[in-house]
Amino acid sequence: MALLDISDLHLSMRSFEGETPILKGIDLTVERGQIWGVVGETGSGKSLTGLTISRLLPNTTARYTGGQVLFDGKDVLRAGERDMRALRGGRIGMIFQDPTTNLNPSFRIGTQMVDAALHAARDKPAILGLTGRESRRARRRAAWQASVALLESFGLHDAEDRMARFPHEFSGGMRQRVLIAMAMIGQPDLLIADEPTTALDVSVQSQILRLIHRLVEERNIGVMFITHNLGVVAQLCSHVAVMYRGRIVERGPVSKVLKAPEHIYTRALMDAIPTARAQMDTLRGIDWPLRDRIEAEIAATAKEVTA
Amino acid sequence: MSKPLLKIEGLGHVYGARRGLFGTSPAFRALTGIDISVARGESFGLVGESGSGKTTLTRNILGLERPSEGHVLFDGHPVIDLGRGGERRLRRRMQIVFQDPQASLDPRMTIHDTIAEALVIHGPDLGIARSGYTRRVLDLLEAVGLGREHLYRHPHEFSGGQRQRINIARALAVEPELLILDEPTSALDVSVQADILNLLQRLQKELGLTYFFISHDLGVIRYTCDRVAVIERGRIVEQGPVAKIFDTPSQDYTRKLMDAIPDPDPDLSPLRRLA
Ligand SMILES: Nc1ncnc2c1ncn2[C@@H]1O[C@H](COP(=O)(O)OP(=O)(O)OP(=O)(O)O)[C@@H](O)[C@H]1O
Ligand SMILES: Nc1ncnc2c1ncn2[C@@H]1O[C@H](COP(=O)(O)OP(=O)(O)OP(=O)(O)O)[C@@H](O)[C@H]1O
Ligand SMILES: [Mg+2]
Ligand SMILES: [Mg+2]
C-alpha cells in the first residue's frame, strides 16, 4: 500500500463571487523513501494540495467535489476531526509556506517545540520514550530533552540555550531548521514541506537539503517537497510532478522529466531558469502565444484520456 | 560621469547594546566601511549569506536607520533629518518591494484599495486626480499580469506569487526613481519570475528606473544587474561588473556562493535519491 495515494482529487474554493474550481483531478502517489518535488505555476494549487493531505482547509470555503486522498489506506477526506488531529504533527509532518502559521513570534522556541512534541506524543508516547502513564512533569521533561536532542542533531549548536530564545533572535536559516525539527519531532511517515528553503541563501539551503536527504535515508519516510527551484528538485528529489492550473501536467523520475521534459509547460519552466554561470540574452516567460499552446496541449491530453 | 543617484560612503552600522528581558545584548557591528555608488538607470545587485547585513544596508538607504559612520546620499542629498514634507517626497522617489508578500499586504483591504492607498498619499506629487485612481490601478495590475477580475479581491484569495505581483504594482504606482528589490521573485515560479524580471527591465528602459536588487539567486542577479557587490559579515568583499565577478571571482567567499547553487541538471547532483 502506498503511503500517500491521491486520486482524481477535485477541489473548489468558495468566495462571495461563487465557487471556483482549483484542483481539477490530481493524481499523485508517494511511496516511502521517495522524495517528490512538486513544482509549477504560481497559483496552480501546490499549497492547497499539501494542505488537503492534512485537511487543513476550512470547510466553510473548501469543497471537495471528487476523488479521494488515502494516507496509509485511511480516507483522509472522510476521516473525523479527531483522527485528523492525531495525524497532523503525528504521522504527517508539515512545514507551511505561510510564515505566520509556522512560528509564533510571542513564544519561546522551546515552548513551541515542547508543545509540538507533547501533541505528537499523545498518540505516540513512544516517540518520547514514554508509555503514556507518566506524570505531566515527566512528559514535559521528556519532550524538552527530545527537542534539544533533535535540534542538536540538526546542527543547531547550544540547543539548550537557544530553546529559551524567541523566533526573532534567530537567523532565517536557524528558524528554518527549527521548523523542520518541529515537523519531524513526531517522527512522521510523511513530510510535506512547502517552499522550505525559498527565503534562504544558497549555503543554508544546501544544508537544509542535506538534512532532509539524511532524514529519508535514516527513517525511510516519504517527502512531498513543494518548490519553485528546479535546481533544488534536481539536487534532492527522486521524482517530480509539474502542476499547471490545478492539474499535474507531467510527472516521473527526476532523471527523466528534467533531462527530457515532454510537456510544453515543463519545457517552458526549464527555459526560464536564469543561470549565474553565463550571460543570458532573454529569458522567456509565459506570453499569450505560449499559454495558448500549453492550453491546447492540455486539452489534447484530456481528450485522449476520455476517448 | 553623471552624478550618481545613490552614493554610500564609508557607511558603518552598529546595533546598540540593549537591556532586554533576559539580560543585556551587547552592541553588534552589522556593517563596516561600505562604499557603493549607483548611477541613474543602473541595476545594482547585492548578494551575501543570511545575516550578512543586506537588510541593515537597505534600512540605512531608506533613512530608517541612522548610520553609525559615513553617510547615504540620494540624488546628492542626505536621506535622514529631512523633516516631514521632505521625508514624504523622498519616500515616493525610493520604493521598496519586500521578499515576504504576506507580511506587506493588509489582509482587510481589497487590491484596489491597497494600490490606491499609495496614490492617495502621493497623488498630488504625481498629478493624478482621485477620479483617475481606478484607471491607474487597472493599468498597474495589467503591467504585472493581473486583471480587472482581481480588483476587489482580498490578499488571502491570491497565491503567494500573485501577492508578490500586487506588491510590485503598488511600489510602481508612485513612479519611484529608485526601486529597492529585496528578493522580489523568490516566491514566484520561474516562468512568472522571468515575466517579472523582463517587466522590470522594460520599465527600467521606459521610465529610466534605477534598481538596487537583493537576491539569494545569483542567476537572477546575473540576468538583471549590471554590477554586483558581494557582502560578507558586513563588509563588501568584492564589487564590479556581474560577468566579471561571477566568471572570475577573486574571493573564496564568492566562489563558495557560486558552488552552492543547485544545478537543474540531475546528473550534476550528488545528493539526489535515485528513483
Ligand atoms: N482561501 C482561498 N480562497 C479562495 N481562493 C484561494 C484561497 N487560497 C488559494 N486560493 C486560490 O487557489 C489557487 C491555488 O492556490 P495555491 O496557494 O495552492 O497556489 P500555489 O501553487 O501554492 O502557488 P504559489 O506557488 O504562488 O505558492 C490560487 O489561484 C489562489 O488564488
Ligand atoms: N535590530 C537588531 N538588533 C540587533 N542585531 C540585529 C538587528 N537586526 C539585525 N541584527 C543583526 O545584524 C546582522 C545583519 O542582519 P540583516 O538582517 O541585515 O541580514 P541580512 O543580510 O538581511 O540577512 P537575510 O538574508 O537573512 O535577510 C545579523 O547578525 C543580525 O542578527
Ligand atoms: Mg504555495
Ligand atoms: Mg534580509
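As a reminder, the structure under discussion sits directly above these lines.
Colleague: Quick rundown of the interface of chain B and chain A? Include the residues and the values.
Modeller: Contacts between the two partners involve 53 residues from chain B, matched on the other side by 63 residues from chain A. Between chain B and chain A, a total of about 4,600 Å² is buried, with carbon and sulfur atoms accounting for 56% of that surface. Note that Asp265 of chain B is salt-bridged to Lys259 of chain A, the shortest N-O span being 2.9 Å. The tally of links between chain B and chain A comes to 12 residue pairs in polar contact (both at pLDDT 80 or more). Of all elements in the fold, only helix H5 (160-173), helix H6 (190-207), helix H7 (218-224), helix H8 (242-247) and helix H9 (252-259) of chain B reach the threshold of two or more residues within the side of chain B that touches chain A.

Colleague: Quick one: what's the story with the site of ligand 1, residue by residue and with numbers?
Modeller: Taken together, 19 residues are adjacent to ligand 1, and Gly43, Lys46, Ser47 and Leu48 of chain A together with Glu157 of chain B come closest. The environment of ligand 1 is shared, with nearby residues belonging to chains A and B. Between ligand 1 and Ser47 of chain A, the relevant distance is 2.8 Å, taken from an oxygen atom to a side-chain nitrogen or oxygen of the residue. A distance of 2.7 Å separates an oxygen atom of ligand 1 from a polar backbone atom of Glu157 of chain B. Relative to its free-state accessible area of 640 Å², ligand 1 is covered by the protein chains to the extent of 86%. Taken together, the elements giving at least two residues each to the shell around ligand 1 come down to helix H1 (46-53) of chain A together with H5 of chain B. Tallied by class, the residues present in the shell around ligand 1 amount to four nonpolar, 12 polar and three charged.

Colleague: Can you explain the environment of Met184 of chain A? Please cite residues and give values.
Modeller: Of note, Met184 of chain A is situated in helix H6 (residues 172-184). What Met184 of chain A contacts, discounting residues up to four positions off in sequence, is Leu150, Phe154, Leu191, Leu215, Arg219 and Ile221 of chain A.

Colleague: So, the packing of aromatic side chains: which residues are in play, and what are the values?
Modeller: All names here are of chain B. Overall, the coordinates contain two aromatic pairs over all chains when judged by the stated rule. Centre to centre, the rings of Phe44 and Phe212 are 5.9 Å apart; their planes meet at 10 degrees, and the pair counts as stacked. Of this pair, Phe44 sits in strand E5 (residues 43-47) while Phe212 sits in strand E10 (residues 210-214), and the two are 168 residues apart along the sequence. Taking relative accessible area as the criterion, Phe44 reaches 0% and is therefore assigned buried. Classification of Phe212 by relative accessible area gives buried; the value is 0%.

Colleague: If you had to explain H1 of chain A to someone new, which residues and values would you point to?
Modeller: Residue and element names in this part refer to chain A. Counting buried residues in H1 gives seven out of eight residues, a clear majority hidden from the surface. Those residues of H1 that fall on the buried side of the exposure criterion are Lys46, Leu48, Thr49, Gly50, Leu51, Thr52 and Ile53. Backbone geometry just after H1 places Arg55 at a positive phi near 45 degrees.

Colleague: So what's going on with the pattern of salt bridges? Which residues, and what values?
Modeller: One pass over the structure, following the stated rule, counts 33 salt bridges over all chains. The closest approach of N and O atoms between Arg165 of chain A and Glu169 of chain A, which form a salt bridge, is 2.9 Å. Residue classification places Glu169 of chain A among the partly exposed residues on the basis of a relative accessible area of 34%. Glu65 of chain B is the partner of Arg59 of chain B in a salt bridge, and the nearest nitrogen-oxygen pair spans 3.0 Å. We classify Arg59 of chain B as partly exposed; its relative accessible area is 31%. What makes Glu65 of chain B buried here is its relative accessible area of 18%.

Colleague: Tell me about the nonpolar core, and name the residues and values.
Modeller: Counting residues in each nonpolar core, the largest one holds 128 residues, and the members touching the most others are Met113, Val178 and Phe225 of chain A together with Phe246 of chain B. Every residue in contact with Phe246 of chain B, bar those within four places of it in the chain, is listed here: Ala276 of chain A together with Leu218, Ile221, Arg222, Val228 and Met258 of chain B. Judged by nonpolar contacts, the second largest core, of 33 residues, contains Leu11, Ala79, Met84 and Leu190 of chain A.

Colleague: Tell me about the site of ligand 2, residues and numbers included.
Modeller: Residues and elements named next belong to chain B. Near ligand 2 the following residues occur: Tyr15, Phe28, Ala30, Glu49, Ser50, Gly51, Ser52, Gly53, Lys54, Thr55, Thr56 and His216. Interatomic distance of 2.7 Å between a backbone N/O atom of Gly51 and an oxygen atom of ligand 2. The backbone of Gly53 places a nitrogen or oxygen atom 2.9 Å from an oxygen atom of ligand 2. Across the complex, the protein chains shield 64% of the 640 Å² of accessible surface that ligand 2 would expose by itself. Counting only elements with at least two residues in the shell around ligand 2, the list comes to strand E4 (28-38) and helix H1 (54-61). With three residues, H1 is the largest single contributor of residues to the shell around ligand 2.

Colleague: Pulling in residues and values, what's your account of the pairing of strand E9 (residues 239-244) of chain A?
Modeller: Residues and elements named next belong to chain A. Extensive coverage of E9 is indicated by the burial of six of its six residues. Neither face of E9 is left uncovered, since the one carrying His239, Ala241 and Met243 and the one carrying Val240, Val242 and Tyr244 both have all their residues buried. In this sheet, strand E10 (residues 247-253) lies alongside E9 in antiparallel orientation, the contact comprising six bridges. Bridge pairing in E10 places Val240 opposite Gly252. In this antiparallel pair of consecutive strands, E9 and E10, the connection spans two residues, and Arg245 shows a positive phi of 45 degrees.

Colleague: Which residues make up the sheet that holds strand E12 (residues 235-241) of chain B, and what values go with them?
Modeller: All names here are of chain B. In space, the six strands of this open sheet follow the order E8-E9-E10-E5-E11-E12, with mixed pairing throughout. Two strands lie at the open edges of the sheet, namely strand E8 (94-97) and E12, each paired on one side alone. Adjacent strand axes in the sheet meet at a mean angle of 15 degrees when their direction is disregarded. As judged from the six bridges shared by strand E11 (residues 227-232) and E12, these two strands associate in the antiparallel manner. Bridge pairing links Val230 to Glu238 in E12. Contacts from H1 reach E5, E8, strand E9 (178-182), E10 and E11, with the element oriented near 155 degrees to E10.

Thresholds, definitions, all that
- Residues numbered from 1 in each chain as written.
- Chains lettered and ligands numbered in written order.
- Predicted model: local features only at pLDDT ≥ 70, side-chain atom pairs only at ≥ 80, totals over all residues.
- Heavy atoms only, no water.
- Contact = heavy atoms within 4.5 Å.
- Buried area = accessible area lost by both parts, 1.4 Å probe.
- Salt bridge = Lys/Arg side-chain N within 4 Å of Asp/Glu carboxyl O.
- Polar contact = N/O pair within 3.5 Å; in protein donor to acceptor, adjacent residues only side chain to side chain.
- Helix = DSSP H or I, 4+ residues; strand = E, 2+ residues; numbered from the N terminus.
- Near = heavy atom within 4 Å.
- Areas by Shrake-Rupley, 256 points an atom, 1.4 Å probe, with all protein chains shown as cover.
- Nonpolar A, V, L, I, M, F, W, Y, C, P; charged D, E, K, R; others polar.
- Phe/Tyr/Trp six-rings, centres within 6.5 Å; stacked < 30°, edge-to-face > 60°.
- Buried < 20%, exposed > 50% of the residue type's maximum accessible area, 1.4 Å probe, protein only.
- Core = buried A, V, L, I, M, F, W, Y, C linked by side-chain atoms within 4.5 Å.
- Pairing = 2+ DSSP bridges.
- Axes fitted to C-alpha atoms, helices over the stretch in contact; angles between N-to-C directions.

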